[in-house]
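Single-letter residue listing:
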Amino acid sequence: MIELDNVAYSYGGDALLNDISFSLAPGSFHFLTGPSGSGKTTFLKLCYGALLPTEGDVRIFDHSAKDMGRDAVAYARRRIGVVHQDCKFLDHLPLNENIALPLSVSGQATPDQFANLQELMSWVGLVGRGEALPPELSGGERQRAALARALIMSPDVILADEPTGNVDWEMSQRLLRLLVELNKMGKTVMIATHDMALIRAAKALVSARVLRISNNTLQSAGVDL
Amino acid sequence: MKRILEFLSPLLHADAGADRVVPPSGFTVRLTVFTSAAMAFLTVFALALSLASGRLGQSWGDELARSSTIRISAPAGQMAAQTEAALKVLTQTPGVASARALSDEEQQALLEPWFGPGLPIDQLPVPQLIDISETAEGYDSDGLRLRLQAEAPGAVLDEHARWRKPLVAAAGRLKLLGWVSILLITATTGAMVTLAANASLAANAQVIEVLRLVGATDGYIASAFVRRYTLRVLVGAAVGTVAGFVAILLMPGGSDAGGFLTGLRFQGWHWLWPAVVPPLAAMVAFAATQAAARRVLGELA
Ligand SMILES: Nc1ncnc2c1ncn2[C@@H]1O[C@H](COP(=O)(O)OP(=O)(O)OP(=O)(O)O)[C@@H](O)[C@H]1O
Ligand SMILES: [Mg+2]
């Protein structure tokens, strides 16, 4: 689905990421860990075409990111649900519309999808908050809303950057189960997180691989945590 | 055709959602509407001025082309000979299209308002008149005077309409200035919309970022801005045009005594001209916002 081939990336100075080769197989479940500032967010951005590699090539759904125009990237984004670490919304629109935004943007807003929206809201525990404006939400609510927005299009790939950073243990378990459930339905999932307990909990539910960014490159963390 | 449709697609898609993704901004809305109204008002005036100058120049020009006159005062015995000589000079003068001595009946008709009917013209020392039509280039009046002096000493060249020549030129210039003003107003409208759209795009960088994150194409994002500004300018220009139209309508019209000032009203089908202003303004706004959006979105990539 997404392949990185000898990728290096730098924000201008020394290379932040180096020599990364990786292939995101369909239906796989990955965790991405590493110290703060190691480049997890940067790695995910490379995966959904928000950044172009300074060296090597990223292939998104079999298209080289370098050759994709902005429109092609936009179309690819509709198949990749992204949960940003700093969940940004359109602050003037109520939560309902924010979560449904990917649908409006791709011209797919139909009543069917609206039923989807209600179901999704209950999954992430935001029932009754649909009319609230994003600035009125707590950090955890924002994160859950961002997850709901990432899932509304029923994307093939879900890239989540710290999706459980601001929620309590119980809610993080619930969100994890949601993602595992989606993975069992065939979605490809990658979660960047510091939360080792979350990873351990996931291992009981799904066969997840753990990747680790250290020394500017991607390593497999193996099974033992 | 396909490309035109693609280009216009931001206007054709009746997708209310796209408008809502950009937060409303009350103050700039009102400024944009006001400015386009003022611009449309000015355009209607410039239009009226230009069309009126055009008409004036035309009618003055027509009069000019028709008329100058030679008056021959000579003792009765020499009258025929001098008239003959003057006509001969005129046929040889470049710039004279035709020249014709008025008949006694015609001269009588001219004098009738002053002396009443039945004037015995052949018994009075009435000067003989020669009517001259000029070509477009006109003739050299000083040269003609010198030659007439030599050939027909009793002839006096009277260029009663010639003093209008500079006025005709001025009317032409005024017409041109009117059109230049309209061009400038159009360009200013474009610049104003570009500034407003640029500011709006810059202020909404986060909105654009979020839209891109969820898979919005540049076309979708641009259309949200384009539609908004096109509609604002259309509404403003419509209001300004109606105001300008009413102002012109209220100008007193018709009488010859007023000359230029009363001729400022539109005439005939020219009353339809102002209807062009709002769509023109909307087109300018559309193009300006489209260009601004494409540029900013390119830079933000
Ligand atoms: N836009 C940018 N311009 C310059 N440097 C940046 C930019 N974004 C990130 N960096 C730097 O790149 C490094 C990696 O950032 P990144 O956000 O990928 O780390 P991370 O692993 O996601 O960290 P965290 O766990 O804290 O979220 C950091 O040192 C950061 O300062
Ligand atoms: Mg990060």
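Reading guide: rules and limits
Residues numbered from 1 in each chain as written. Chains lettered and ligands numbered in written order. Predicted model: local features only at pLDDT ≥ 70, side-chain atom pairs only at ≥ 80, totals over all residues. Heavy atoms only, no water. Domains from an automatic or database assignment. Buried < 20%, exposed > 50% of the residue type's maximum accessible area, 1.4 Å probe, protein only. Helix = DSSP H or I, 4+ residues; strand = E, 2+ residues; numbered from the N terminus. Arc of directions from axis to C-beta. Polar contact = N/O pair within 3.5 Å; in protein donor to acceptor, adjacent residues only side chain to side chain. Phe/Tyr/Trp six-rings, centres within 6.5 Å; stacked < 30°, edge-to-face > 60°. Lys NZ or Arg CZ within 6 Å of the ring centre and 35° of its normal. Contact = heavy atoms within 4.5 Å. Buried area = accessible area lost by both parts, 1.4 Å probe. Salt bridge = Lys/Arg side-chain N within 4 Å of Asp/Glu carboxyl O. Axes fitted to C-alpha atoms, helices over the stretch in contact; angles between N-to-C directions. Left-handed = near helix turned anticlockwise from the far one by under 90°. Nonpolar A, V, L, I, M, F, W, Y, C, P; charged D, E, K, R; others polar.

Colleague: Hey, could you run me through the domain arrangement of chain B in this one?
Modeller: Interfaces are often sized by the amount of accessible area the parts lose when they come together. What the domain assignment lists for chain B is domain 1 (2-61 + 165-300) and domain 2 (74-153). Here domain 1 of chain B and domain 2 of chain B have C-alpha centroids that lie 56 Å from each other.

Colleague: Which parts of the structure should I look at to understand helix α6 (residues 141-151) of chain B?
Modeller: Residue and element names in this part refer to chain B. Along α6, the residues that are buried comprise Ser141, Leu144 and Leu148. Considered in projection along α6, the buried side chains sweep an arc of 55° and stay on one side of the axis. Of the exposed residues in α6, the ones pointing more than 90 degrees away from its buried face are Asp142, Leu146, Gln149 and Ala150. Capping the start of α6, Asp140 holds a side-chain oxygen 3.3 Å from the backbone nitrogen of Asp142, two or three residues further along.

Colleague: Which parts of the structure should I look at to understand the packing of aromatic side chains?
Modeller: The description of two aromatic rings rests on the distance between their centres and on the angle between their planes. A full pass over the atoms with the stated rule returns six aromatic pairs over all chains. Between Tyr9 of chain A and Tyr11 of chain A the ring centres are 5.1 Å apart and the planes differ by 80°, which places this aromatic pair in the edge-to-face class. Look at Tyr11 of chain A and you get exposed, because its relative accessible area is 53%. Its end group placed over the ring of Phe61 of chain A, Arg79 of chain A keeps NZ or CZ at 3.8 Å from the ring centre. Directly above the aromatic system of Tyr229 of chain B lies the positively charged group of Arg232 of chain B, at a separation of 4.5 Å from the ring centroid.

Colleague: Would you mind showing me how to read the interface of chain A and chain B here?
Modeller: Contact residues are listed per partner, giving 21 residues for chain A and 22 residues for chain B. Counting each side, the surface lost to burial between chain A and chain B is near 1900 Å², with a carbon and sulfur contribution of 60%. For the pair chain A and chain B, the interface holds three salt bridges. As a salt-bridge pair, Glu209 of chain B and Lys88 of chain A come within 3.1 Å of each other at their nearest N and O atoms. Our enumeration of links across chain A and chain B arrives at eight residue pairs in polar contact (both at pLDDT 80 or more). Secondary-structure elements contributing two or more residues to the side of chain A that touches chain B are α2 (70-77) and α4 (101-105) of chain A.

Colleague: Help me understand the packing of helix α8 (residues 205-213) of chain B against helix α9 (residues 218-249) of chain B in this model?
Modeller: Between two packed helices, the angle of one axis relative to the other and the distance separating the axes together describe the packing. All names here are of chain B. Viewed as axis vectors pointing N to C, α8 and α9 meet at an angle of 145°, and their least axial separation amounts to 10 Å. The crossing of α8 and α9 is right-handed. On the side of α8, the interface is formed by Ile208, Leu211 and Arg212, while α9 contributes Asp218, Tyr220 and Ile221. Of the residues contributing to the contact of α8 with α9, the split by class is four nonpolar, no polar and two charged.

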